[in-house]
Amino acid sequence: MTDVNDEQLDALLSAAASGVDYDGLVAEHDVDGYRFETPDGTHEELTEAEFGELADRNPWFVSNWYYWRARDRPDTEVAFLRYLEGADDRPVTDRYETMADDGIVASWGQLRIDIALGEDGHRVYTVRNETEADTAIESLTVHTDPLEARELVKHDDRGRYRPLKTAPTLPTGWAFVDLDGRALAETVEYVYPATIANWHLERRGELDVDHWRETMERQSGIYSVIKTWDRGEGHEHVNWVAEACCADSQCLKRREWEYEDGTPLEVDGGDGEFPCREPCSLVVTAARQWTKLEGEETKRYEFELTPSEKEQIEAIVDAVADGEAESIREADIYEGANRYRARFLRAKRFDEEGRLCGVPTDDGS
Amino acid sequence: MQALVIVAHGSHLNPDASTPTYDHADTIREAGVFDEVRTAFWKEEPSFREVLRTVESEEVYVVPLFISEGYFTEEVIPRELRLEGWDLEQWDSDGTSATHATLEAADVDKTIHYCGPVGTHDAMSDVIVRRAETVTGDSEAGEGFALAVVGHGTERNENSAKAVHLHADRIAETGRFDEVKALFMDEDPEIDDVTDFFETTDIVVVPLFIADGYHTQEDIPEDMGLTDDYRTGWETPAEVDGHRIWYAGAVGTEGLTADVVIERAADAGADVGDAIETVRHRTRSDANASAGD
Ligand code: SF4
């Protein structure tokens, strides 16, 4: 333990006049002198010098108060940073011991956040992809400017553009180091925009959720067609959309929007820390295409397939839907979605116009 | 505290669509006159819906990084930002003259100064000229050059053509270039026949677009005959029918666009100190540095 820093002691002395009661530290000043209290004991009628000695012996309590209170931080940032270190549940000494030791480990989406004790009781944050929790920082590309996160998270590890920031495809190979609280919040803002703000609103019971119906009613231009998809005969189609796009395997936000107020979807919203308050632009754009496609009537087609061929088609759809088509090994001809297997099926069952079993599509128009 | 929020289209498909927006935000951030500088997108995150709640300042200047007044600036952005009581009349515009309107947003306790798009601000003419300087590598470019300002055309919105004419006319009035014309992708005079419209051998072509993408990197170069296949690229300048075409790509990628964003906010009452000067100067040295590469 180091001595308390002068600036922090001065700040506490002046704050004592109006009373401090924060995370177990109580500091007061009245006509009888100062009062200094921690969970370890209460000391009253103190002179300024005695108060200073006690502060010196309890630098963690003083710096903890100083870190959260004496600095000009927006409420949202305080709530978020305190949440990360479990400040509402863990006593000051417990947190400080852990920070001074291995650090407190927190997570936000796919981010792993390490909180270490910096100088004078400040925090130093490190951020990286959670899958690299055990990778030495030295072997990662190190950044200190939060703005650099924007480019970093643009593509996944396969080099594909990530149009949805909360897709669970956060790339690896980098770390942000030496961040203070503000820089950490900024970095998270670039990786997962608006998640802190919405999480905080939700914690205060103020999250403004816009359900599917309201969101689609609001659309205009080329998206106004989507409202015609809701025909008041149930909302199975919206269950399908949520299952397709919003499952945790596709998006880390916890879907809080439903079909409409009082009509929940039957699909699970996920377990993410941060909420999704309305269908996002990706879902709206996809919904427009589905609205068009779903306007078609079904037709009866007749195909001759072997049982294995039917199962193979199912396996191909599964592999594409689960994003696994690429990882099926070249020679794994036991997998229906293996490339050779798919090519064989096409060679055998498609005619020269690419029609399954030579059956015309006949869209009825 | 005052914040600047740049709102732009963005893309689900093109990773570069957001790049100019980020670049201009960074330039303005460095100028240090706004307590916060944020970006928001129609197709990316943070969305228009959720950007205001990420801002701390009570005074927020929202500048659309769009070329013209129309569907996005008049309908989509105000709706998505939840600007209460928004009415197009507040802009009192003839289609290119919107400056700003002051409103409240329904989901946050802030004053929102909703500005006209960058594309119709007078200062955008300077960006077009700067773009011509950048592409020719000549800070005096003008004499001996023709300039074509290229727009989409009327398609969904007649104001888009108006903005192109606005700048072509303003630049023509300065007499800096031998000839100046407004050309379009989908209406006459068409970009396909670019060389028919000019006497001057050297023609600088500047598309009035915010970001490079399909139109500026595929359509226009092929339509003008700079290349048969955009994937193989083209020369700058490229020889076409006895003319030399200096194709500049989207004007919105020019660093000086940041200046127009600041001017929009300043016109709406933001305290921008000497940022306009600083940015004009700094983006010029950047332009010269890259031209020398
Ligand atoms: S609508 Fe679905 S996919 Fe989009 S952000 Fe919300 S949960 Fe994720």
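Note that the coordinates shown come from a computational prediction; the quantities given were computed from them, not determined experimentally. (Residues numbered from 1 in each chain as written. Chains lettered and ligands numbered in written order. Predicted model: local features only at pLDDT ≥ 70, side-chain atom pairs only at ≥ 80, totals over all residues. Heavy atoms only, no water.)

## Description of the pattern of salt bridges
In step 1: For the structure on display, the rule yields 58 salt bridges over all chains.
In step 2: Between Asp88 of chain A and Arg82 of chain A there is a salt bridge; the shortest N-O distance is 3.0 Å.
In step 3: The closest approach of N and O atoms between Lys310 of chain A and Glu314 of chain A, which form a salt bridge, is 2.5 Å. Note that Lys310 of chain A and Glu314 of chain A are positioned in helix 12 (residues 307-321) at a spacing of four residues, about one turn of the helix.
In step 4: Here Lys310 of chain A falls in the partly exposed class, since its relative accessible area comes to 46%.
In step 5: Note on Glu314 of chain A: relative accessible area 37%, which makes it partly exposed.
In step 6: Among the ionic contacts, a cluster of salt bridges with common partners joins Asp208, Asp210, Arg218, Arg277 and Glu278 of chain A together with Arg49, Glu50, Arg53, Arg79, Glu80, Arg82 and Asp107 of chain B. (Salt bridge = Lys/Arg side-chain N within 4 Å of Asp/Glu carboxyl O. Helix = DSSP H or I, 4+ residues; strand = E, 2+ residues; numbered from the N terminus. Buried < 20%, exposed > 50% of the residue type's maximum accessible area, 1.4 Å probe, protein only.)

## Notes on the domain arrangement of chain A
In step 1: Split by domain assignment, chain A resolves into domain 1 (6-70), domain 2 (75-200), domain 3 (208-293) and domain 4 (299-365).
In step 2: Between the C-alpha centres of domain 3 of chain A and domain 4 of chain A the distance comes to 30 Å. (Domains from an automatic or database assignment.)

## Observations regarding the interface of chain B and chain A
Accessible area lost upon the coming together of the parts serves often as the stated size of an interface.
In step 1: Each side of the interface is counted separately: chain B has 30 residues, and chain A has 34 residues.
In step 2: Here chain B meets chain A over a buried area of about 2,600 Å², counting both sides, of which 42% is carbon and sulfur.
In step 3: Per-residue buried area on chain B facing chain A is highest for His12, Glu45 and Arg53 of chain B; these three make up 26% of the total on that side.
In step 4: Where chain B touches chain A, the interface holds nine salt bridges.
In step 5: Salt-bridge contacts for Asp208 of chain A lead to Arg82 of chain B; the nearest nitrogen and oxygen are separated by 3.5 Å.
In step 6: For the interface between chain B and chain A, the tally reads 24 residue pairs in polar contact (both at pLDDT 80 or more).
In step 7: Listed by contribution, the elements that provide at least two residues to the side of chain B that touches chain A are helix 1 (19-31), helix 2 (48-51) and helix 3 (71-80) of chain B.
In step 8: Residue contributions to the side of chain B that touches chain A peak at five residues, all from helix 3 of chain B.
In step 9: Looking at the side of chain B that touches chain A residue by residue, the class counts come to seven nonpolar, six polar and 17 charged. (Contact = heavy atoms within 4.5 Å. Buried area = accessible area lost by both parts, 1.4 Å probe. Polar contact = N/O pair within 3.5 Å; in protein donor to acceptor, adjacent residues only side chain to side chain. Nonpolar A, V, L, I, M, F, W, Y, C, P; charged D, E, K, R; others polar.)

## Description of the environment of Val108 of chain B
Residue and element names in this part refer to chain B.
In step 1: Topologically, Val108 is positioned in the loop between strand 4 (100-104) and strand 5 (111-115).
In step 2: For the pair Val108 and Glu56, spaced 52 residues apart in sequence, the C-alpha to C-alpha distance is 9.9 Å.
In step 3: Apart from the residues within four sequence positions on either side, Val108 is in contact with Leu52 and Arg53.

## Notes on the side chain of Thr38 of chain A
Residue and element names in this part refer to chain A.
In step 1: Positionally, Thr38 belongs in strand 3 (residues 33-38).
In step 2: Taking the relative accessible area as the measure of exposure, Thr38 reaches 6% and is therefore buried.
In step 3: What Thr38 contacts, discounting residues up to four positions off in sequence, is Gly24, Leu25, Asn58 and Phe61.

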